[in-house]
Amino acid sequence: MFGTSGIRGRVSEEITPELFFRIGSAIGKDVVVGRDTRKTSFMLESALIAGILCSGHDVSSVGIAPTPTVALAAKKRKEYGAVITASHNPPEYNGLKIVDGLGKEISREEERRISALAEKGVYYASYEKVGDFEVVDNAVDEHIDTALSFVDVEKIEKKKPLVVIDCGNGAGSVITPYVLRKAGCRVLSVNSEVSGYFNRQLEPTENSLQEMRSVVVSSGADIGIGHDGDADRAVAVDERGEMIGLDRQLALMCRRVLRNSSGKIITTVEASLCVREAVEDAGGKIEITPVGSVRIAERLLEKGGIFGGEPCGEYIFPNEILVPDGVLTALKLVEMVCEEGKASKLKSEIRAYPIKREKYPCRKKEEAMEKIVSEIEVFEGEVNREDGIRIDEDGWWMLIRPSGTEPVIRLTCEAKDKKKLEEIFGKADRIVRRCCLESGGAGGG
Ligand code: MG
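So, here is what we can say about the structure in this document. Remember, it's a predicted structure, so these values are computed and weren't measured experimentally. (Residues numbered from 1 in each chain as written. Predicted model: local features only at pLDDT ≥ 70, side-chain atom pairs only at ≥ 80, totals over all residues. Heavy atoms only, no water.)

## Comments concerning the state of the cysteines
Here comes step 1: For the structure shown, the criterion picks out zero disulfides.
Here comes step 2: Cysteine 436 provides the cysteine sulfur closest to cysteine 435, a residue in no disulfide bond, and the two sulfurs are 7.0 Å apart.
Here comes step 3: Accessibility expressed as a relative area gives 0% for cysteine 435, which makes it buried. (Disulfide = S-S within 2.5 Å. Buried < 20%, exposed > 50% of the residue type's maximum accessible area, 1.4 Å probe, protein only.)

The structure is reproduced here in structure tokens:
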């Protein structure tokens, strides 16, 4: 049932009210429940709530709210939290994320426990033991106050930056325009009304943020920010309406965090050279985990890291909460521009290097990966085997990793100069291509 980030699938196919009813009854804890703005979210939320109540546990319902808002409310109450959302996936999808009383996504073992119980059937408590239901109407206000306490509001108020926010008609619509205004920004909102439908694709990309980018230019704004559907991501564009770039944005945030504190920065095997450089230049240490914000959160807890980020725009500020918080990230990006200068100038301070990506069809991914790992040893460098294989050497790195959702293996190479990139990419490409072909390729045989 659970994938790399909770439960996800197509509504009325993998995702049904019946499934959510079973899962609700299997959680076995009091739960803070929230949902994103999808038309199907209320239906699934109702089923989940019925399941929780009928198993004899209480529900605190926060209504429409971003994932970090629900996680924060759960942490505050030391209860589990559940969010009905499919994050950046298209409208026909929906899903569920569950967090524990620390505000961190639940562990794999806990997911397995819940799945096993849900498969067994539903536990019906006797009528006098059925859970209590309460509406919580201040979770968004709590999140606003908490997020504001992590930035220098005075500095933002003094600059009164003009900010364009694009919530993609997702859950961020109920909080981010308001928290920015409260911080002293002048705010223009794009796609920030809640209708159950979406004016743009929910993944914040150069393409999906086109409308927001043109409003940034025409209004003369200082920065534009776009969320995904559950507002755990925030992606910025500069005052010219151009993307800062996901790698550069992460590098800038790492640099900024390290200005005010010291400690470990956690990122994933997908992080690019500019992130490592920014951290090392600022005197910090970087540690790499498998892909997924859950893995970053676990490593942050384990190592006492000060910041964790994935290149997709999901950043965890562990003193606040252990899930990515796009709302706080938006505030932090605005604060950065107020304090450090124009967004385009900041962008130019981070050097981006040439990068090459390829994907190879492969039916037997595990078998192919085994062959690749033994052959790829021709490359010397620091090897990380936590998620696929990553090799780091002075001036370049590569990652070979099976896709979590498709029958393909992906190769990524980045190097400081183009010649080196061509050389390592060419060599790796030949190995991966052959191993994938030997392990079934695209199929048919
Ligand atoms: Mg998301």
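## What to know about the nonpolar core
Here comes step 1: Of all hydrophobic cores here, the largest spans 48 residues; its most connected members are Leu180, Ile223, Ile225, Phe307, Leu331, Leu333 and Val334.
Here comes step 2: Among the elements that take part in this core, helix H12 (residues 326-340) stands out by supplying nine residues, more than any other.
Here comes step 3: Ranked by size, the runner-up nonpolar core spans 26 residues in total, among them Ile23, Leu44, Ile84 and Ile114. (Core = buried A, V, L, I, M, F, W, Y, C linked by side-chain atoms within 4.5 Å. Helix = DSSP H or I, 4+ residues; strand = E, 2+ residues; numbered from the N terminus.)

## Some remarks on helix H15 (residues 418-438)
Here comes step 1: Between the first and last C-alpha of H15 there are 30 Å, a value that for 21 residues agrees with the 30 Å anticipated at 1.5 Å per step.
Here comes step 2: Within the sequence span of H15, burial applies to Leu421, Ile424, Phe425, Gly426, Ala428, Asp429, Ile431, Val432, Cys435 and Cys436.
Here comes step 3: Of the surrounding secondary structure, the elements contacted by the buried residues of H15 are strand S15 (355-361), helix H14 (365-375), strand S18 (396-402) and strand S19 (408-415).
Here comes step 4: The N-capping residue of H15, defined by a side-chain oxygen 3.2 Å from the backbone nitrogen of lysine 419, is aspartate 417. (Expected span 1.5 Å × (residues − 1). Contact = heavy atoms within 4.5 Å. Polar contact = N/O pair within 3.5 Å; in protein donor to acceptor, adjacent residues only side chain to side chain.)

## Quick look at the coordination of the magnesium ion
Here comes step 1: The magnesium ion binds to the protein through Ser87 (OG), Asp228 (OD), Asp230 (OD) and Asp232 (OD); the donor distances cover 2.1 to 2.2 Å.
Here comes step 2: When the donor residues of the magnesium ion are listed from N- to C-terminus, their spacing reads S-x140-D-x1-D-x1-D.
Here comes step 3: By relative accessible area, which is 0% here, aspartate 230 ends up buried. (Donors = N, O, S within 2.8 Å, 3.2 Å for Na, K, Ca; no water.)

## Re the sheet that holds strand S5 (residues 93-99)
Here comes step 1: Across the sheet, which stays open at both edges, the six strands sit in the order S1-S5-S4-S2-S3-S6 with mixed pairing between neighbours. For this open sheet the edge positions go to strand S1 (7-10) and strand S6 (133-135), each flanked by a neighbour on one side alone. Recorded for the sheet is a direction-independent mean angle of 20° between the axes of neighbouring strands.
Here comes step 2: Note: strand S3 (residues 59-64) against S6, three bridges, orientation parallel. When the bridges of S6 are listed, serine 60 appears paired with glutamate 134.
Here comes step 3: On top of the sheet, helix H3 (residues 67-77) reaches strand S2 (31-35), S3, strand S4 (80-84) and S5; it is set at about 165° to S4, its chief contact. (Pairing = 2+ DSSP bridges. Axes fitted to C-alpha atoms, helices over the stretch in contact; angles between N-to-C directions.)

## Re the sheet that holds strand S11 (residues 264-268)
Here comes step 1: The four strands are arranged S12-S11-S13-S14 in an open sheet whose pairing can be described as mixed. In this open sheet, the two strands that pair with only one neighbour each are strand S12 (285-289) and strand S14 (314-316). Across the sheet, the mean angle from the axis of one strand to that of its neighbour is 20°, orientation sign disregarded.
Here comes step 2: Sheet analysis places S11 next to strand S13 (residues 307-310), joined by three bridges and oriented parallel. For threonine 267, the partnering residue across the bridge sits in S13 and is glycine 309.
Here comes step 3: Strands S11 and S12 of the sheet are contacted by helix H10 (residues 273-281), whose axis makes an angle of about 145° with S12.

## Points about the packing of aromatic side chains
Here comes step 1: Under the criterion given, the structure shown has four aromatic pairs.
Here comes step 2: When the centroid spacing of 6.3 Å and the interplanar angle of 50° are considered together, the rings of phenylalanine 21 and tyrosine 124 count as tilted. A residue pair is termed long-range when its members are at least 10 positions apart, and phenylalanine 21 in helix H1 (residues 17-27) and tyrosine 124 in the loop between helix H4 (108-120) and S6 qualify at 103 residues.
Here comes step 3: Between phenylalanine 307 and phenylalanine 317 the ring centres are 5.3 Å apart and the planes differ by 45°, which places this aromatic pair in the tilted class. With phenylalanine 307 in strand S13 and phenylalanine 317 in the loop between S14 and H12, this pair connects stretches of sequence that are ten residues apart. Grouping residues by exposure puts phenylalanine 307 and phenylalanine 317 together as buried.
Here comes step 4: Ring pairing ties together the aromatic residues Phe307, Tyr315 and Phe317, which thus form one cluster.
Here comes step 5: Above the ring of tryptophan 397, the side-chain terminus of arginine 390 is found at 4.0 Å from the ring centroid.
Here comes step 6: The ring of phenylalanine 379 has lysine 427 lying over it, and the distance from NZ or CZ to the ring centre is 5.0 Å. (Phe/Tyr/Trp six-rings, centres within 6.5 Å; stacked < 30°, edge-to-face > 60°. Lys NZ or Arg CZ within 6 Å of the ring centre and 35° of its normal.)

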